[in-house]
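Observations on chain architecture
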Amino acid sequence: MFTGEYNHTIDAKGRLIIPAKFREGLGEKFWIAKGLDGCLNAYSDEEWEKLDNWLKSLPSAKKETRAVKRFFMSGAIEAELDKQGRTLLTSQLREHAGLTKDVVLVGVGDKVEIWSAERWASASAPENIEDMAESLGDIGFNL
């Protein structure tokens, strides 16, 4: 399980250090894809396979299904770590997430989210978190 929040920077070549705490869970090779809310998601092979199987199970005749498949799969990369624990992010992925220099990596259970520091500052403190938690209570979410 991935937890925690880590601040890093992307170098001029587009390389990002993956925190040591996340490296073990992701493995030597892992997947990075566009995420919702303007971030990137990093998945272990096991979690990527789950996502892939779920996408394959959706009815391809539906327009929404095709759009969701394109969104997640079109920019996805199989990532590797170099000896310094860095991975190279494509310009397409960096553009999607607005990544330029300051980056925040966040463990969210089954994956790692990669955010621009600016977007993370907005996303991590929603003004209506109490309302969100209350509405999730309707489906059994309790703290």
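Up top is the structure.
Note that the structure is a prediction, hence the values are computed from the model and not measured.

1. Focus: the sheet that holds strand S4 (residues 40-43)
Spatially, the six strands line up as an open sheet ordered S1-S7-S8-S4-S3-S5, and their pairing is antiparallel. Edge positions in the sheet fall to strand S1 (2-9) and strand S5 (77-80), since each has one partner strand and no second. Pairs of neighbouring strands in the sheet enclose a mean axial angle of 25°, with direction left out of account. Note that strand S3 (residues 29-34) and S4 share four bridges and pair antiparallel. Bridge pairing links Lys-34 to Leu-40 in S4.

2. As for the side chain of Lys-111
Relative to the elements of secondary structure, Lys-111 occurs in the loop between strand S7 (102-109) and strand S8 (112-116). By relative accessible area, which is 18% here, Lys-111 ends up buried. Dropping the residues within four chain positions of it, Lys-111 is found in contact with Phe-2, Asn-41, Ala-42, Tyr-43 and Val-106.

3. Some thoughts on a negative patch on the surface
Judged by side-chain charge, Glu-28, Asp-45, Glu-46, Glu-49, Glu-78 and Glu-80 come together as a negatively charged surface patch. Per-element accounting of the negative patch gives the leading share, three residues, to helix H2 (residues 45-57). By the element assignment, Asp-45 lies in helix H2. According to the relative accessible area criterion, Asp-45 is partly exposed, its value standing at 41%.

4. Some details on the packing of aromatic side chains
Ring pairs (aromatic) are described by centroid distance and by the angle formed between their planes. Taken as a whole and judged by the stated rule, the model has six aromatic pairs. Seen in terms of ring centroids, Trp-31 and Trp-48 are 5.1 Å apart; in terms of plane orientation they differ by 10°. Their pairing is stacked. Taken as a pair, Trp-31 in strand S3 and Trp-48 in helix H2 lie far apart in primary sequence, 17 residues in all. Of the residues examined, Trp-48 reaches a relative accessible area of 8% and is grouped as buried. Considering the side-chain rings of Phe-71 and Phe-72, the 5.1 Å spacing of their centres and the 85° angle between planes classify their relative orientation as edge-to-face.

5. Here we look at the environment of Glu-95
In this fold, Glu-95 is placed in helix H4 (residues 91-97). Residue Glu-95 is classed as exposed on the basis of its relative accessible area of 68%. Residues Glu-95 and Ile-139 lie 44 residues apart in sequence; the distance between their C-alpha atoms is 35 Å.

6. Comments concerning the pairing of S5
The side-chain alternation of S5 yields one buried face, formed by Ile-77 and Ala-79, and one unburied face, formed by Glu-78 and Glu-80. Pairing geometry for S3 and S5, over four bridges, is antiparallel. In the sheet register, Trp-31 faces S5, and the bridge partner there is Glu-78.

Parameters and conventions
Residues numbered from 1 in each chain as written. Predicted model: local features only at pLDDT ≥ 70, side-chain atom pairs only at ≥ 80, totals over all residues. Heavy atoms only, no water. Pairing = 2+ DSSP bridges. Helix = DSSP H or I, 4+ residues; strand = E, 2+ residues; numbered from the N terminus. Axes fitted to C-alpha atoms, helices over the stretch in contact; angles between N-to-C directions. Buried < 20%, exposed > 50% of the residue type's maximum accessible area, 1.4 Å probe, protein only. Contact = heavy atoms within 4.5 Å. Patch = residues over 30% accessible without salt bridge, like charges linked within 9 Å, V, L, I, M, F, W, Y side chains within 5 Å. Areas by Shrake-Rupley, 256 points an atom, 1.4 Å probe, with all protein chains shown as cover. Salt bridge = Lys/Arg side-chain N within 4 Å of Asp/Glu carboxyl O. Lys, Arg positive; Asp, Glu negative; His and termini not counted. Charge placed at Lys NZ, Arg CZ, Asp CG, Glu CD. Phe/Tyr/Trp six-rings, centres within 6.5 Å; stacked < 30°, edge-to-face > 60°.

Keep in mind these numbers describe shape, not what the thing actually does.
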